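# Structural overview for review
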Amino acid sequence: MDADAKKTALRMIPYGLYVLTAEDKAGKVAAATVNWVTQTAFQPPLVVVGVKADSGAHAIIKESKTFALNILGKDQKGQAFTFFKPLEREGNTIGGEPFRKGNTRRADSRKAPAFVECALVDTIEKGDHSIFVGEVKDAGVAAQPSGRPDDVTLTLKDLGDKVFYGG
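Right, let's walk through the structure included here. (Residues numbered from 1 in each chain as written. Predicted model: local features only at pLDDT ≥ 70, side-chain atom pairs only at ≥ 80, totals over all residues. Heavy atoms only, no water.)

## A look at the pairing of strand 10 (residues 114-126)
- In this sheet, strand 10 lies alongside strand 5 (residues 66-71) in antiparallel orientation, the contact comprising six bridges. Residue pairing for strand 10: Leu 69 is matched across the bridge by Val 116.
- With twelve bridges joining them, strand 10 and strand 11 (residues 129-141) adopt antiparallel strand pairing. The residue of strand 11 that forms the bridge with Ile 124 is Ile 131.
- In sequence, strand 10 turns back onto strand 11 through a hairpin of two residues, with Gly 127 there showing a positive phi of about 65 degrees. (Pairing = 2+ DSSP bridges. Helix = DSSP H or I, 4+ residues; strand = E, 2+ residues; numbered from the N terminus.)

## Description of the sheet that holds strand 11
- If you walk across this open sheet you meet the seven strands as 2-1-5-10-11-4-3, and the pairing is antiparallel. The two strands at the open ends of the sheet, each matched to only one other strand, are strand 2 (29-34) and strand 3 (37-41). Mean inter-strand twist for the sheet, computed between neighbouring axes without regard to direction, equals 35 degrees.
- Sitting on the sheet, helix 2 (residues 56-64) touches strand 1 (18-23), strand 2, strand 4 (46-52), strand 5, strand 10 and strand 11, and the angle it makes with strand 1 is about 50 degrees. (Axes fitted to C-alpha atoms, helices over the stretch in contact; angles between N-to-C directions. Contact = heavy atoms within 4.5 Å.)

## A word on the side chain of Asn 70
- As for its placement among the helices and strands, Asn 70 is situated in strand 5.
- Asn 70 sits in the buried class, given a relative accessible area of 0%.
- Side-chain polar atoms of Asn 70 contact the side chain of Thr 21, separated by 3.5 Å. (Buried < 20%, exposed > 50% of the residue type's maximum accessible area, 1.4 Å probe, protein only. Polar contact = N/O pair within 3.5 Å; in protein donor to acceptor, adjacent residues only side chain to side chain.)

## Remarks on unusual backbone geometry
- Of note, the bond from Gln 43 into Pro 44 is cis; its omega dihedral lies within 30 degrees of zero at -10 degrees.
- On the secondary structure map, Pro 44 appears in the loop between strand 3 and strand 4.
- In the Ramachandran plot, Lys 65 falls in the positive-phi region, its phi being about 65 degrees despite a non-glycine side chain.
- Checked against the element boundaries, Lys 65 lands in the loop between helix 2 and strand 5.

In short, the description is geometric, and any link to function would need to be established separately.
Pasting the structure below:
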């Protein structure tokens, strides 16, 4: 396989940006910018997210069996970069960003245009990332978008010509 062709082809897949949050029973919170997310079923509503196997978020999701996806808006480039690195919880903030408990023991961002809270229903552990399948148990929208809802979502390409994931 041509390594450059593979990298270029995989980088053609569009990615939205999300802050994944999870909280364990002891109150430890993980938050990470993720982009391998998609809806996989309508009934029940299921989403999947790819999470790096050696990350703190991975361990907390496996233990708590819950996670939230906070959909980042076009004006939230700073938040995307903030959660590219591991951060510790400080009261009700992580990395200076306010968070609150969700309905099902997850933290979700107060600034996100939308969020979904999920109960873990399946895990696929292959390679350096695991796929977590979550059933949507709660969702919220800060304000109804005008036009297409996906036009509100921050995408990887919005971060600039030199920011890539995949390949």
